[in-house]
Amino acid sequence: MPKVQCFECGEEYSSDEIIYRCDKCNSLLEVTYSDEEIREKLDFDLLKTKELGVWKYRPFLPCDKRVSISEGATPLYEAPKLAEWVGIDELYIKHEGDNPTGSFKDRGMTVGVSKAMELGLDKVGCASTGNTSAALSIFGAKAGIGSVVLLPAGKVAMGKVAQALMHGAKVIAIKDNFDRALELVQEAANKLDIYLLNSINPFRLEGQKTIGFEAVEQLGWETPDRFVLPVGNAGNVTAIYKGMAEWERAGIIEKPPTMTGIQSEGSKPFVEAVKNNKDKITPEKDPETIATAIRIGNPINGPKALEAVYQTNGSAESVSDEEIIEAQKKLARLEGIGVEPASASSVAGLKKLIEQGRVDSDEKVVCVTTGHLLKDPQEIIDILEPPIEVKPNFEKIKEIID
Ligand code: F0G
């Protein structure tokens, strides 16, 4: 059985305990596996023959598959035209928009909701900028248990609210920002017996490690030099690094890739911490950005994510909304990859780091695009010219095409 351990003081807990922070020092928790445990479960030759998907990596996951909807197995696109645009020789896009609900959150939720079932619970909940709520709702529905989601009112992209509603979650819009919704859902979880599935839950993060596993496998079991990804609550950057460190321990890779986190200029507490070499994040009060998915002022996984960046000699950078929109268009028009704004920040950030000389053009880089274009249709309508309306007349059409 894997253990749950305090990330700071090392205090150990049983994985049957429902606990989200260390009782002793209030720090974040993580799931840990002993070397013997991994050795016992891992048959690398067998693993290589299994079909791509989250659960093929069961030796590195904390529970059995109980609730699953074809999560993972997303494409890794080689993106030569985009590479040229950002100024790099070789660029890959790991497109997490191709998950069942259109974001990487499904990887975490298949594991998190499976854990809820193992624990015999009948209610799951989260606060969300949207994607987590969509994923929670779909896996909650599949499991046949209740889902409760708290959203920042008026600040969640339409596609995501639609998903949570349609899959039957109890959707509560808080008249405040995401950070406040997260505080409230933690109180609700403690007092109302709801299993909390934000990324403070260490089991959920285990599923998200598989983004890194898949990318390495899709590169022919070669480790990229660098992962670049958007940072909101900093769960994904934490999870991917954790998985890579476990693969290093298991002898599958030589060392974890460099982890690089990108935020929006209007919401960049993580970037500020990295740039000032801090081991703690100073929360921002009123985050604002077109990338609503990462409109977060107090990233809950801050300490873990900072370690991921520092341990890999990584970096962090922020990009403007304009740079995000430009990268979003380039992804769509040069490579046919449709992403929501937060996702495009990874590509915009990489371009900036190359221009600044902080990333070499001969590095092999994987940018993670975290969510699908259709998540946020309003943003597209706001930034692009609307369709041209004409009378049903061939001459008019010809005029426009010419
Ligand atoms: N990209 C997208 C599309 C997201 O939805 C999120 C987070 C992130 C990136 C950032 O990931 O939090 O692990 O650093 N969305 C959360 C939500 C907060 O509620 O859907 P992170």
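Reading the values: the criteria
Residues numbered from 1 in each chain as written. Predicted model: local features only at pLDDT ≥ 70, side-chain atom pairs only at ≥ 80, totals over all residues. Heavy atoms only, no water. Axes fitted to C-alpha atoms, helices over the stretch in contact; angles between N-to-C directions. Helix = DSSP H or I, 4+ residues; strand = E, 2+ residues; numbered from the N terminus. Parallel < 35°, antiparallel > 145°, perpendicular 65-115°, else oblique. Contact = heavy atoms within 4.5 Å. Nonpolar A, V, L, I, M, F, W, Y, C, P; charged D, E, K, R; others polar. Pairing = 2+ DSSP bridges. Near = heavy atom within 4 Å. Polar contact = N/O pair within 3.5 Å; in protein donor to acceptor, adjacent residues only side chain to side chain.

A. Looking closely at the packing of helix α9 (residues 210-218) against helix α10 (residues 235-249). The contact between α9 and α10 brings their axes to 7 Å, and the two run at 55 degrees. Taken together, the axes of α9 and α10 lie oblique to each other. Residues I211, G212, F213 and V216 of α9 lie in contact with α10, whose contacting residues are N236, I240, G243, M244 and W247. Here the residues of the contact of α9 with α10 sort into six nonpolar, three polar and no charged.

B. Structural context of the sheet that holds strand β9 (residues 195-196). Ordered by their spatial adjacency, four strands build an open sheet running β8-β7-β6-β9, and the pairing between neighbours is parallel. Edge positions in the sheet fall to β8 (170-174) and β9, since each has one partner strand and no second. Bridging between strand β7 (residues 146-152) and β8 involves five bridges; their strand directions are parallel. Paired with V148 across the bridge in β8 is K170.

C. Seen up close, the site of the ligand. For the ligand, the set of nearby residues contains 21 residues, the closest of which are S128, T132, N233, A234 and T370. Interatomic distance of 2.9 Å between a side-chain N/O atom of K105 and a nitrogen atom of the ligand. Between an oxygen atom of the ligand and a side-chain N or O atom of S128, the distance comes to 2.7 Å. Each residue belonging to the shell around the ligand can be placed in one class, and the counts come to eight nonpolar, 11 polar and two charged.

D. Molecular detail of the sheet that holds strand β1 (residues 3-6). Strand order in the open sheet formed by three strands is β2-β1-β3, with antiparallel pairing between adjacent strands. The open sheet has two free edges, formed respectively by β2 (12-13) and β3 (29-32), since each of these has just one partner strand. For β1 and β2, the ladder comprises two bridges, and the chain directions are antiparallel. The residue of β2 that forms the bridge with V4 is Y13.

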